[in-house]
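Below are the chains, spelled out letter by letter.
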Amino acid sequence: MKKIAIVAGLVIAACQPAPDQPKSFEDLLKITDSTDEQICTLAVSDFLRTMTPEELETAKAKAFDFENLIADTVDDPAAQIKVLFRRSALRRRLLAGEGNLELANEFYQNLNASETKPESLTEYHEAYHYWMDRIQEQSQYGGPESVAFNLRFCVMNEKRAALHAASRTDILLRMKNGVTLPAPELVENINHETSFSDGFSEERLAEIYTEETIERLTPLARAQMRGDKAFLPTDPKSEKLFWEKRDEEIAAMIEFIRSHDFKTPANQLGYMTDIDQSLRKLWNDNEAKVHFQDDAQFDAFRANIPERVQKIDEFNTAKLQNMLKNRGWFRDDLDGRGAANDAWLIAQHADRNPEFQKDVLKLIEAQLESPGVSKSNYAYLYDRVQMNTAHTDGTEPLLRYATQGRCTGPGTWENYPVEEPERIDALRAEVGLGTLADYKSRFKDMCTRDERSQ
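Anyway, here's the lowdown on the structure attached to this text. None of these values were measured; they are calculated from a predicted model.

1. Some thoughts on the state of the cysteines
Under the defined criterion, the tally for this structure stands at two disulfides. Paired by a disulfide, cysteine 40 and cysteine 154 hold their sulfur atoms 2.0 Å apart. With the S-S bond torsion at -95°, the cross-link from cysteine 40 to cysteine 154 turns out left-handed. In this pair, cysteine 40 sits in the loop between α2 (25-34) and α3 (45-48) while cysteine 154 sits in helix α9 (residues 147-176), placing the two residues 114 residues apart along the sequence. The class for cysteine 154 is buried, based on a relative accessible area of 0%. Two residues share a disulfide in this structure: cysteine 407 and cysteine 447, whose sulfurs sit 2.0 Å from each other. Linking cysteine 407 and cysteine 447, the disulfide has an S-S dihedral of approximately -75° and is accordingly described as left-handed. In this pair, cysteine 407 sits in strand β1 (residues 405-409) while cysteine 447 sits in the segment after α24 (436-441), placing the two residues 40 residues apart along the sequence. Sequence-ordered numbering of the bonded cysteines in the protein yields a pairing of 1-2, 3-4.

The structure is reproduced here in structure tokens:
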């Protein structure tokens, strides 16, 4: 198997000759859509100065209207995802303003641009995770307004364009040749192709997830095939039948995690976080309402989520406690890629055991410079511990990083009180978090109701 460093960069070479510099916004789009040339080293300042602010905003709105781009490229999924990612790279290049082209070249070189592309499903899977790991590092390069942040993201999006285009071609060929379920690696790669809501993953899964094929699978195989997805196309539309099937999966996965001999902690933690996320994602009202046949079925379904989530949280917490006996916090170099992040997620949801969360916080703090251990994860857990400690001793919770809060209405979210409100953005920056205003804006589409009375 090729190392990640070999496969990660794919088709784009590290030191390509500088492309012809664009003389207009139309040139910029032609380079982006019709070539494989580097986007992030383009000099754009001269011609942008010839455009009025209104002209520039109009051009950008049209260029980054992904809904229309999806419609225009619907017949070629590989070309579609390539242009979407390259347009996203272009957007990052423009956000970098005057930019620093030497810095962009450093990112091209440091982010492993290789001529070699993946060949097997496993190699594609590793390449996906290479870029996911790099995205998690973005907070080290400033906030969303910084030049370094945007140039690095530009390079990543450009290279991911090649990965996703090649992977979609590979997926379509494998499906044309026939798929025997559960095919977990193929399904996982399909699930990685959910970018930009272009429907590729949903359409592929609907082709292979038929009533006949799903019915032949064991509950464990269904759960493993589901991964962290909330719904499969063949999930029953009625609340009673839905939970009958899902409860079989939950029981099978719990038994598998309890009894299986995992090769690495990361492998085990991956299954634990999959089931954690597959249940928590059920709270996405938009996805759930579409799935169920009417409002009554949806309301009955939603009322039964908490007990399942509690069951998984209690199981995962106990399992994580056992895994941590006589050892320090997880490190990706010793325990497998993703181990530190997955273990943190489970601890973050261990709200019924605040003393354990305190212990985990100390373990993470001792390993903050270790591979895979995230300062931003530490910040989230610090605030969670503050909240849960306050609930048990009757004091007012004071957060440090404003990561915890609640929806106050459709599209609005407010954090709980903080220790130093006047320094909140500086404190967040110390642990790689963006501004509080940016964080609140993420809830625009997530908040659907006022949760203060719940």
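2. Details of the packing of aromatic side chains
For the structure shown, the criterion picks out 25 aromatic pairs. For the pair phenylalanine 231 and phenylalanine 301, a centre-to-centre distance of 6.1 Å together with 50° between the ring planes defines the contact as tilted. Taken together, the residues span a long stretch of sequence, with phenylalanine 231 in the loop between α13 (219-226) and α14 (239-259) and phenylalanine 301 in helix α17 (residues 295-303) at a distance of 70 residues. Among the aromatic side chains, those forming a connected cluster through ring pairs are Phe231, Phe242, Trp243, Phe292, Phe298 and Phe301. Above the plane of the ring of phenylalanine 200 lies arginine 204, whose end atom (NZ or CZ) is 4.8 Å from the centre. Over the ring of tyrosine 439 we find arginine 428, and its NZ or CZ is 4.7 Å from the ring centre.

Scoring rules and cut-offs
Residues numbered from 1 in each chain as written. Predicted model: local features only at pLDDT ≥ 70, side-chain atom pairs only at ≥ 80, totals over all residues. Heavy atoms only, no water. Disulfide = S-S within 2.5 Å. Helix = DSSP H or I, 4+ residues; strand = E, 2+ residues; numbered from the N terminus. Buried < 20%, exposed > 50% of the residue type's maximum accessible area, 1.4 Å probe, protein only. Phe/Tyr/Trp six-rings, centres within 6.5 Å; stacked < 30°, edge-to-face > 60°. Lys NZ or Arg CZ within 6 Å of the ring centre and 35° of its normal.

By themselves, these observations are geometric and do not establish any function.
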